[in-house]
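Breakdown of the fold
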Amino acid sequence: MEKFMQTEIPPVELSADLAAKRDALLALLRSFGSCLVAFSGGLDSSVLAKAARVALGERAIAATGVSPSMAAGELEACEELARLIGIRHEIFTTEELQNPIYQQNPVNRCYYCKSDLFDRLWELAQKWQLAVVCDGSNRDDLSDYRPGSQAAREKQVRSPLAEVGLTKAELRQLAAWWQLPVWNKPATPCLASRIAYGEQITPERLKMIDQAEQFLRSLGFEPVRVRYHRGDLARIEVPREAIGRLLDPSVRQQVAARLKQLGFKFVSLDLEGFRSGSMNVLVSEHQLPAQNV
């Protein structure tokens, strides 16, 4: 996260359409009277937290759930961003790993994680007398496989960014306009998303993945994913233009040795390169829950 804090933020002039969406977002948030923002420190939730602070002032609070699925350094990044935005920031612990269904890692794993998260957010919102719980889903998310959105609907969680039609590209522009250092931050989904569906989620596996990705980042690979497959097999994804450097004998041997030291028995490189959501190729249509097809 530190490098994103240090990245120069380019000057941005909002188009008339984007300015109108920004104003619609602020108006929508004001209409809530008060809100609690589910704050991960990523692009989407950071823009939402900034907008909530602008629209509602002290009546907006950001809250971050912490669990073994959170990558190292992300909590500190959340705290730093909240200070920059000027929004009150609360931290709490989630317990999705206590749920046996979540541990089994079904294709709708995210539903169980979000259900736990939103229940705890509503408890906090009621404690602090806040009217609405909001998440950072945007318009692009509506066309993706996101079982967590079902939990949001069931728990009556609002998605203001999606409601006013903001896309991921527009959120990057808006983040730069608001001088948020996450304007160019890559997506940082939870560590559990690296584990192939059907393979059990354990704190030990999450730690293996986190430390493996930290090591690869220390070598200059970003974005990077270390996917966990059956048999303690690591499938590494780096940008296509970085594949050649990873295959350099000295680097390759170093990476293989470190990942085996961490507990992986096999270390492989995905020749297609980095791509978000690559685990979803394992999900066939007949496996999807009916409400998410």
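Throughout what follows, the structure given in this document is the object of discussion. (Residues numbered from 1 in each chain as written. Predicted model: local features only at pLDDT ≥ 70, side-chain atom pairs only at ≥ 80, totals over all residues. Heavy atoms only, no water.)

**Considerations on the overall build of the chain**
The secondary structure content of the chain amounts to 12 helices and 7 strands. Its C-alpha atoms give the chain a radius of gyration of 19 Å, near enough to 19 Å, the size a compact globule of 293 residues would have. Seen along its three principal axes, the alpha-carbon backbone of the chain occupies a region of about 55 × 45 × 35 Å. Here the chain holds 293 residues, and 52% of them are scored as buried. A separation of at least 24 residues holds for 76% of the contacts in the chain among residues at least 6 apart in sequence. (Helix = DSSP H or I, 4+ residues; strand = E, 2+ residues; numbered from the N terminus. Rg over C-alpha atoms; globule rule 2.2 N^0.38 Å. Buried < 20%, exposed > 50% of the residue type's maximum accessible area, 1.4 Å probe, protein only. Contact = heavy atoms within 4.5 Å.)

**Some thoughts on the sheet that holds strand β6 (residues 233–237)**
Read across the open sheet, the 3 strands follow the order β5-β6-β7; overall the sheet is mixed. Whereas interior strands pair on both sides, the edge strands pair on one side only; in this sheet they are β5 (225–229) and β7 (266–269). Looking at each pair of strands side by side, their axes are set apart by 25° on average, direction ignored. As paired elements, β5 and β6 share 5 bridges and run antiparallel to each other. Residue H229 lies in a different strand from β6, and its bridge partner there is L233. Where helix α10 (residues 203–218) meets the sheet, its contacts fall on β5 and β6, and the angle it forms with β5 comes to roughly 150°. (Pairing = 2+ DSSP bridges. Axes fitted to C-alpha atoms, helices over the stretch in contact; angles between N-to-C directions.)

**Remarks on the packing of α10 against helix α12 (residues 249–262)**
Direction vectors running N to C along α10 and α12 enclose 160°, while the axes themselves pass 10 Å from each other. Overall, the two elements α10 and α12 adopt an arrangement that is roughly antiparallel. For the pair α10 and α12, the sense of crossing is right-handed. Residues M208, Q211, A212, F215 and L216 of α10 pack against Q254, V255, R258, L259 and L262 of α12. A per-class count over the contact of α10 with α12 returns 7 nonpolar, 2 polar and 1 charged. (Parallel < 35°, antiparallel > 145°, perpendicular 65-115°, else oblique. Left-handed = near helix turned anticlockwise from the far one by under 90°. Nonpolar A, V, L, I, M, F, W, Y, C, P; charged D, E, K, R; others polar.)

**Thoughts on the state of the cysteines**
Enumeration according to the criterion identifies 0 disulfides in this entry. In this structure C35 is a free cysteine whose sulfur lies 4.3 Å from that of C134, the closest cysteine sulfur available. Unpaired in terms of disulfides, C110 finds its nearest cysteine sulfur in C113, a separation of 5.8 Å. (Disulfide = S-S within 2.5 Å.)

**Looking at the side chain of E213**
The topology assignment puts E213 in helix α10. Not counting the four nearest positions on each side in its chain, E213 is found in contact with L191, R194, V224, R225 and V226.

**Overview of the environment of G65**
Its place among the elements puts G65 in strand β2 (residues 60–66). On the basis of relative accessibility, which here comes to 23%, the residue G65 falls in the partly exposed class. Expressed as a C-alpha distance, the spacing of G65 and A20, which sit 45 residues apart in the sequence, is 32 Å. Once residues within four sequence positions are removed from consideration, G65 is found in contact with M70, F92 and T94.

**Focus on the sheet that holds strand β4 (residues 132–134)**
Spatially, the 4 strands line up as an open sheet ordered β3-β2-β1-β4, and their pairing is parallel. Among the strands making up the open sheet, the edge pair consists of β3 (88–93) and β4. Between one strand axis and the next, the sheet turns through 25° on average, direction left out of account. Sheet topology places β2 next to β3; 6 bridges connect them, and they run parallel. Residue A62 lies in a different strand from β3, and its bridge partner there is H89. Here helix α4 (residues 74–85) sits on the sheet and contacts β2 and β3; the angle it forms with β3, its principal contact strand, is near 160°.

**Regarding helix α3 (residues 43–56)**
With 14 residues, α3 should reach 20 Å at 1.5 Å per residue; the first-to-last C-alpha distance of 20 Å fits that figure. For α3, the buried fraction is high: 12 of the 14 residues fall into the buried class. Of all the positions in α3, only L43, D44, S45, S46, V47, L48, A49, K50, A51, A52, A55 and L56 are classed as buried. (Expected span 1.5 Å × (residues − 1).)

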